[in-house]
Structures are given as C-alpha cells and as structure tokens.
Amino acid sequence: MAQSFESYQKRKLISSYFSVVLSIALVLFLLGVLGLMVLNAKKMADHFKEQISVSIFFKDTAKEVEINQLEKSLTAADYTNSATYVSKEEAAKKHAEEIGEDFEEFLGYNPLKNSIDITLKSEFVTPEQMEEIVEELSAKKYIDSITYDKPLVGLLSDNIKKISIWVLVASAIFTFIAVLLINSSIRLSIYSKRFIIKTMQMVGATKTFIRRPFIWTNVKLGMIGALVASIALIGTLFYAEKSFPELTVLGDYTLLGILFIGVFALGILIAFLSTYFAAQRFLNLRTDDLYY
C-alpha cells in the first residue's frame, strides 16, 4: 500500500514537472518567434524596399558614351543597390514574351527606349529622398523620363512604421501574458506542497532554506523549457530560411545569439521570480488558510 502511494506521488510529481516544462517551453517558443519578428523586422522591411525599381529612360539622341558614363556613376553612387542597362531591343523582346505577340511587326518599329533600371539601398527608399534623386537625374538633358511606383513607396513607408509599432505593442502584451501563464503553472506545482512548506516552517526551518530547493528545481525546469523552446526555434529558423532564403536568417549569428541567450535568460528569470513569490505566499499563510 505504501509502495503504491509512493508510486502515485512520483507520477503526480513528474506530471507536475512536465506541465511546468511544457508551459515554459510553449510560452518561450512563442516569445522567441515574436522576438525573431522584432529583430528581423528591419531586415524584412529593407528587403521589400530594395525590390522597388526606378527606370531611367533615355532620349533617342542620347549618345552611347553618355549612357555608359551614367551607368558607371549610378553603380558607384551611395544610394544605388544595383544598376542594369536594358537596351530597347532587349526590352522589346521581353515585352513580346510577356504579351505573347511581336508588336514590332504590327507597328513597323520599336517604340521603346534604352533604359537603366536601378534599385536603391533601403535607407534611401523614402518619398522625400527618392524625389531628390529623381530631380537630380532629370536635370540631365539626354534623359527622357524617370518612372517608379510612387504610391507604393509612400504606402510601404507608412505601413512599415505602423507594423513596427504594433509588433512592439503585441510583444509587450504577450510577454505580460507569458509571465502570468508560467507563474500560474509554477504556483500550482508549489501549491501541492504547501503542507510540507508549513511543516518545515513549524519545526524551525528558515524561509531562505525552505525556498532554496523550490527555486533551484524550477530554475532547472525553466532551463529545460528554454532548451525545448530553442530546439523548436531552430526548426522554425530552418523552415524560414528554406521558405525565404533572401532574408538569410541563419546567417546573422549575432541576432541568433541574442535570441537564444534572451530565451534562456527569460526562462530562468521568470522561473526564479515566480517560484520566489509563490513560495513566499505560502510561507506567509496561516495554518488555517492552507485548506482554502
């Protein structure tokens, strides 16, 4: 009978530990994903900004030397990410492939113009800076026109600011909820030992002595939970790298180091604080209150 009761107690203890580890792991994993989004928000925004293309079209009278000089100066410019020359013949061929019809045969001539397509570095993709660049280039007499998706640039800049604010707000709210969930799991695990705590206190054990094993046990559970969350995050990172290789998520070792250190530190800190205050609560209870 005693052996059966002892076996039951062990199963109950393991179940309690498992629930604490699972709750910590799930919460830390979700916080890690959210942290990954926060840390990669700029990189993602920069990636989308650098996809916006600016097309510079030349007049038919433009000389080849002028076009070459401009291409070289654009390539060397601080704001340029890439510069590609597209001849009118290449543009006509590409356009014919897209529409599935050779429009030159119908028109009898090629109405397209020689051009250079440039993409800008992300820090220069703002409505104000792009307008300055366009004005500077438009002053050259051999340039016919310059086009880019102006509404998209404005919309992208506004949305990035809004998304950044909402991600930070969501992070703060979710962190608060995470702390409450982990705290509840740890408090429940300590609640089952409230009579042991009070018995130790009654025989003269100090509060520090009573708290120490609970804190150490739950800190270890927090570390295990952080390890499980980190493994899940690594799997998520590999999936993200495979789905969005242009973001090179796994290549930024500094960011990954910050993320995993943050997950472990948060797991240990939350486990420590939750255990400390939960144990303190039962230490301060009167004996009669233990039954409620």
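Every value quoted in this text rests on a predicted model; they were computed, and no experiment measured them.

Cut-off values and rules
- Residues numbered from 1 in each chain as written.
- Predicted model: local features only at pLDDT ≥ 70, side-chain atom pairs only at ≥ 80, totals over all residues.
- Heavy atoms only, no water.
- Helix = DSSP H or I, 4+ residues; strand = E, 2+ residues; numbered from the N terminus.
- Buried < 20%, exposed > 50% of the residue type's maximum accessible area, 1.4 Å probe, protein only.
- Contact = heavy atoms within 4.5 Å.
- Pairing = 2+ DSSP bridges.
- Axes fitted to C-alpha atoms, helices over the stretch in contact; angles between N-to-C directions.

A. Highlighting the side chain of R211. Positionally, R211 belongs in helix α8 (residues 207-243). Assessed through its relative accessible area of 11%, R211 is described here as buried. Contact partners of R211, with chain neighbours within four places excluded, come to Y276, A279, Q280 and L283.

B. Quick peek at the sheet that holds strand β1 (residues 53-58). Read from one edge to the other, the open sheet built from four strands follows the order β2-β3-β1-β4, with strand pairing classed as antiparallel. The open sheet is flanked by β2 (80-86) and β4 (143-147), the only strands paired with a single partner. With strand direction ignored, the average angle separating the axes of adjacent strands in the sheet is 20 degrees. Of the pairings in the sheet, the one linking β2 to strand β3 (residues 115-120) comprises six bridges and is antiparallel in character. Paired with T80 across the two strands is L120, which belongs to β3. Contacting β1, β2, β3 and β4, helix α2 (residues 64-76) crosses the sheet at an angle of about 160 degrees to β2. Here helix α5 (residues 127-138) sits on the sheet and contacts β1, β3 and β4; the angle it forms with β4, its principal contact strand, is near 170 degrees.

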